[in-house]
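Survey of secondary and tertiary structure
Below, each chain spelled out in residue letters.
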Amino acid sequence: MKINIKEVISGQKSSINFETIEQVTDTHSFGGEVTLITPITLKAEVIKIDHKLFINGSVEGIAEFTCARCLKRFQKEIKEKVYGQLIMDEDEEEEMDEFYQIEEDTIDTSEIMHDVLVTSFPMKILCDENCKGLCSVCGKDLSVDECNCNIEEIDPRLAKLKDLLQQD
């Protein structure tokens, strides 16, 4: 969705508040482990300070994830802050890490939501910090129950030494 911010750019208003709700369907860049359950809500304010434009707000929704260790599906609420500078052209010097492009006096809220979501998800999504994952031998969920599998973890750099010991 495009939001017209011409009144703030021209100085007629010092800020504009808006709220937009979008059903994000393209989740390929989130990886196969993420499904957005609810539409994503962006509540934000565009502010003009010293001839520079900034956006300040939040992105909220509910997503379903797959745990990287135990492969269980779980839902989690997403609440992320949005704060960045709005720039007219790519040559403009931005002072912040996060900046968004203004095109024809509008900002693209879909792009802002997508950027915030992509950067908010961790590299390894876990259902719980203490998740033990699955047994590499029998596949049992070690967070639920322990297994009796004999797991010998050998440093691959020392595997040849084990072979030498077995020859004797």
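For the structure itself, look to the data block above.
What comes next concerns the included structure. Since we're looking at a predicted model, the values are computed, not measured. (Residues numbered from 1 in each chain as written. Predicted model: local features only at pLDDT ≥ 70, side-chain atom pairs only at ≥ 80, totals over all residues. Heavy atoms only, no water.)

1. With respect to the pattern of salt bridges
Between side chains of opposite charge, pairing is possible as soon as their charged atoms come close. To keep it simple, the criterion reads: Throughout this description, the term salt bridge denotes a Lys or Arg side-chain nitrogen within 4 Å of a carboxyl oxygen of Asp or Glu. Under the scheme applied here, a residue whose accessible area is under 20% of the maximum for its type counts as buried, over 50% as exposed, and between as partly exposed, the area being computed with a 1.4 Å probe on protein chains only. The helix count covers DSSP runs of H or I at least four residues long, the strand count covers runs of E at least two residues long, and both are numbered beginning at the N terminus.
Under the defined criterion, the tally for this structure stands at 4 salt bridges. Between E7 and K13 there is a salt bridge, with the nearest N and O atoms lying 3.4 Å from each other. E7 sits in the partly exposed class, given a relative accessible area of 34%. The exposure class of K13 is partly exposed, given its relative accessible area of 40%. Here D141 and K72 are joined by a salt bridge, their closest N and O atoms 3.3 Å apart. Within this pair, whereas D141 is found in the loop between α2 (109-120) and α3 (159-167), its partner K72 is found in the loop between β5 (52-66) and β6 (73-87), the two being separated by 69 residues in sequence. A relative accessible area of 41% means that K72 is categorised as partly exposed.

2. Remarks on the nonpolar core
So the rule is basically this: Put simply, a nonpolar core is a bunch of buried Ala, Val, Leu, Ile, Met, Phe, Trp, Tyr and Cys residues held in one set by side-chain atoms that sit within 4.5 Å of each other.
Membership of the largest hydrophobic core comes to 34 residues, with the highest contact counts inside it found for I5, I55, L86 and I107. For this core, the elements supplying multiple residues, two or more each, are α1 (6-10), β2 (15-22), β3 (34-36), β4 (40-49), β5, β6 and α2. In terms of residue count, β5 provides more of this core than any other element does, 5 residues in total.

3. Brief notes about the packing of aromatic side chains
Any aromatic ring pair is given by two values, namely how distant the centres are and how the planes are angled relative to each other. Worth spelling out the cut-off: Each Phe, Tyr or Trp ring (for Trp, its six-membered ring) is paired with any other whose centre lies within 6.5 Å, and the angle between the two planes then decides the class: stacked below 30 degrees, edge-to-face above 60, tilted in between.
With the rule as written, the count across this model stands at 3 aromatic pairs. With 6.2 Å between their ring centres and 5° between their planes, F54 and Y83 make a pair best called stacked. Here the residue F54 occupies a position in strand β5, and Y83 occupies one in strand β6, the gap between them amounting to 29 residues. Residue F54 is classed as buried on the basis of its relative accessible area, which comes to 10%. Using a relative accessible area of 43% as the deciding quantity, one classes Y83 as partly exposed.

4. Details of the pairing of β4
Our working rule: DSSP calls a pair of strands paired once it identifies at least 2 bridges connecting them.
The pairing of β2 with β4 spans 8 bridges and is classified as antiparallel. Within β4, the position partnered with I16 by the bridge is V46. Counting the residues in the hairpin turn of β4 and β5 gives 2 residues, including D50, whose phi is positive at 50°.

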